[in-house]
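Secondary and tertiary structure notes
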Amino acid sequence: MQETTLLRMLPLDGKHRWMFIAVLLFGLYFQDSISDCRKPPQKFLFVSPKTKNDLFPNDVVEFNASKLCFQMLPERNAACCNTGAFLCNFTITGGRENYTLILKKEILSNQDIVVITIADHGFPCKPMKDNNTYLDIHNCLKRGVKNIKLTKENFCENMEGYDEDACKGLAETHYIIAVVKNKLSHCRLCKRPDFIKPETSITLTPSPNISTETAAKLMNISLLVKNMGNSSSASIKMGNISGLITRLPKTNPININFVLSNNRDINILKNNNDSGKGYSRSIKIPAEASGMAAKGENPFAAVILFPDMFQDNPDSTFLNNEVVGIEMGKEISNLSDRILIRYKWNETKGRTISCVSWHGKDTEGKKAKWIQDGCHTKENYGSITCECTHLTFFAILMSPPSANMSSSDVKSLTTITSIGCGLSIAFLTVALFMHCLIRKGKASQATKILINLFLALIGLNLSFLLNESIANLENFAACVTVAAVMHYTMLATFTWFFMQALHLYFILWKLPSEVKHYIRKICAAGWVTPAVVVIALVASRQYGFLAITTDDGNSAKMCWISNAVIHQVVNIGYYAVVFIFSFVMFIVTLRHIILAKQAEKKHKDSSSISTNVFSIVGLFFLFGITWGFAFFSYGPMLTASYYIFTILNSFQGFLLAIYYFKTSKIVEDSSLTDTMRSTATSNTIVKPPH
C-alpha cells in the first residue's frame, strides 16, 4: 500500500520520469556549487628552504576553489606575497633534512603552509622546463615524505618549553617549528614563563678584587633578610654581583626554581614544576632543603652569582668564570633529593668537567680549596648538571683530560675486553654446568672454592659488559645499582683469590686437625667481606657516573666510584693485601715444584715438565697475580700495562675454565697438591681440611 502511494507521487509517463530525475540531480549539484562558492577559498603557501630555481609561478595560481602561492626564492618575495592575499612574513632556515621555521600563529590562520622538502630534486609538483605554467597540483597538495603541510591545527603537536637562546630577538607570539629528517619534530612558543618579581631591592657598595673569602662574607644573608622588612623577596646588587632572596613558608615546604639569564638577571619561576631548562643556568632547591631551612627563625633561600672569578690553578678554569653561591640560613647537608645546578653548555670537547664546591683554604692557607665531595657531575644533551647534597659556593671546573690515552688505544682495549669477557662468561658457564651436572656431589674442597671464584668472575664480567650501556641511559638509580654490583663482584673475586691461597696454606702447613664446617666458613668469608665494603659505600653515596677521557677530547661513560681517593684506598688497598699474601704463596708453591722436580729427576720426562709448567701458569691466574699489573700503570709503562692487564684479566675466566677442565678431580685434590704434600717434609703428614 505504501509502495503504491509513492509511485503515484511520480509522473506515470517514463519520459517525464527521466526528466524529473535529471532536474533533481542538477538542483543538487547547483545547491552544492552555491554552498562551495560561499566558502572562502582555501589558500596554500608553498615554501622551500633550499630551492634556488624560479620555475614556479610568481603570481597566484587558482585551482578549483583553492589559491596557491609559491614562495620558492628565499632572497625575494614572490608577486603573490605582495597582493595581501598571502602572509609571507616568516623565516625558514636550514638545509638538507633539518630546518627551522619561525612564524606567528596568525600566519597559519590565513593560509596553510606546505614545505617542499626536495623541490630541487625532481619533486613531482615541479613545473616542466618546457612549460612553466604546468603544475601537478595533486602532487603539490599530497602530504607525504616529500612535503610537510602545516595548518593551524597540526603545526605544534609536540610542544617544548621556552628557550632563551632560540627565542632571542623574537616576540612572545612567535613559534619556532623544528623539522628533523624531513619530519615535524617539535615546536616551542617564545612566551617567557611567569616570574615572581622582587618586591624590593638591596644595593651594596661594590668591593674591588672579589675573592672567594670576600664572597663568603657577603653570603651572610641573614642580616640582609632583616632589612627586607615585610617584603617577601628582594634583589641584590653589588657592582657586577647579582643575587635574589626569597622568604620561605614555615609549613608546607615547596621546590624553588631560580633561573639565570644570559645578562645575569636572577628570577624565581612562579610554576614550581617548571625546571627552567630553557635558560642558560637554572637552580632547583628541593622541598626537602626548604623544610630544613624552615626550622630557622626567618627562613629564606638566596642565590648569588659571582662573575669574574678565576681559578688559582692556571691549567683549569671555571665555566663562564663564575661561581654560584646558595645560602638558606641553616646547615643543609645529606639531602636525598639533591640540589640541581644546571648549565647549558656544548663546548666541553678536550676538557674534563667536574662540579666542585668551595672548602676553605689549602693546608698552606694560600689557595682556595675546591673539592668534588657531595656533588655529582652529569653531562647530557648540551647541558651540565651538578647534583649536590649540601650548600656552599659551587662552580664547574674545566680541566685538561686526566688521562691522555689515545682514542685508538681505547677502541682496541674495548674490543679486547668485550671478546675476553664474552669468552670468559661462556666457558665459565659451561664449567659451572658440568660441575652441577656431573661433579657436584663428589667435588673436592679445592674444586668447591674454585667454583665460588667462577661465580664471582661471571658476575664481574657480566656487570662490566653491561656497565657502559646502563651508564648511557642516564638513570642514576640504575647506574648506582650496576656500579655496586660490579664493585661487589670485583671485591668478591679478589677475596676468592685470597681464599685459594689460604686453602693452599692450610694444605701445606696446617697441623692435622679437624676444622668443622670448613667450606661454609670459607664461603661466608668470601662473600660477606666484600658485601660489608660495598654496603658502606652505597650508604655514603660513593657510586655514580664516571667519564673516561681520551686525548681527542671524547669520553665514555661508566658507572663506578666517583671519588678517586675512595677508589684508590678501597680497591688498591684491598687488592694489595690479597696480592702480597697470594704472591708469597705462589713463590712458596713454585719452590715446592722445583724441589719435587729435583727429587724425581730419574723419572723426569716431557709430560711431567709440561704438567709442571701448566700448573705454575694455572696458579698464576688462580691467585689473581695478573691483577698486579695495575701497579705498573704509570709513566712509560702506562699504555703497555693497560694492554697486558686487559688481555690477561679479560681472558682470566676463559683460562681458569680450561685449567678446571684439565686438572679437577672428583674425589681428591689436584696432583699438584699431592706432589707438594709429599715433598713438604718426610716426617710430617699433612691432611687437607674437610
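Here is a short report on the structure shown in this document. Residue indices follow the written sequence of each chain, beginning from 1 at its first position. pLDDT decides what is reported in this predicted model: residues at 70 or higher carry local features, side-chain atom pairs at 80 or more are listed and counted, and totals for whole chains, interfaces and linings draw on all residues regardless. Side-chain measures here rest on the full set of heavy atoms in the structure, leaving out hydrogens and waters.

Here's the deal with helix α11 (residues 518-539)
The α-helix winds at 3.6 residues per turn, so residues separated by three or four positions along the chain end up facing the same way. When the terminal C-alpha atoms of α11 are compared, their 32 Å separation across 22 residues agrees well with the 32 Å that a helix rising 1.5 Å per residue should span. Residues of α11 that are buried: Tyr518, Ile522, Gly526, Pro530, Val534 and Leu537. Looking at the residues trailing α11, positive phi occurs at Arg541, about 55 degrees. Helix numbering and strand numbering both begin at the N terminus, where a helix is a DSSP run of H or I of at least 4 residues and a strand a DSSP run of E of at least 2. Expected helix span is computed as 1.5 Å times (number of residues minus one). The classification of residues rests on relative accessible area computed with a 1.4 Å probe and restricted to protein chains. Under 20% of the type maximum is buried, over 50% is exposed, and intermediate values are partly exposed.

Concerning unusual backbone geometry
Non-glycine residue Asn321 carries a positive phi angle of around 50 degrees. Looking at the element boundaries, Asn321 is found in the loop between β19 (317-318) and β20 (323-327). Judged by relative accessible area, Asn321 falls into the partly exposed class, the value being 27%.

Here's the deal with the environment of Gly618
Within the element layout of this structure, Gly618 appears in helix α13 (residues 606-622). A relative accessible area of 7% places Gly618 in the buried class. We call two residues in contact when some of their heavy atoms are within 4.5 Å. Excluding residues that lie within four positions of it along the chain, Gly618 makes contacts with Leu656 and Tyr659.

A short note on the pairing of strand β14 (residues 241-247)
Of all seven residues in β14, six are buried, a share of seventy percent or more. Pairing between two strands requires that DSSP report at least two bridges joining them. Sheet analysis places strand β13 (residues 233-238) next to β14, joined by six bridges and oriented antiparallel. What sits directly across from Ala234, in β14, is Ile245. Between the antiparallel neighbours β13 and β14 lie two residues, among them Gly239 with a positive phi of about 65 degrees.

A closer look at the side chain of Ser463
Position of Ser463 among the secondary structure elements: in helix α9 (residues 445-472). Ser463 sits in the buried class, given a relative accessible area of 6%. With near-sequence residues (within four places) excluded, Ser463 lies in contact with Val482, Val485, Met486 and Thr489.

A word on the pattern of salt bridges
For salt bridges, the criterion is a side-chain nitrogen of Lys or Arg within 4 Å of an Asp or Glu carboxyl oxygen. Taken as a whole and judged by the stated rule, the model has five salt bridges. Residue Asp165 is joined to Lys344 by a salt bridge in which the shortest nitrogen-to-oxygen separation is 3.2 Å. Placement of Asp165 in the loop between β8 (159-160) and β9 (174-180) and of Lys344 in strand β21 (residues 339-344) is noted, with a sequence separation of 179 residues between them. Residues Arg281 and Glu322 are paired through a salt bridge, measuring 3.0 Å at the closest nitrogen-oxygen approach. Placement of Arg281 in strand β17 (residues 281-285) and of Glu322 in the loop between β19 and β20 is noted, with a sequence separation of 41 residues between them. Given a relative accessible area of 6%, Arg281 falls into the buried group. Linked by salt bridges that have partners in common, Asp163, Asp165 and Lys344 make up one network.

In short, geometric facts, not functional conclusions.
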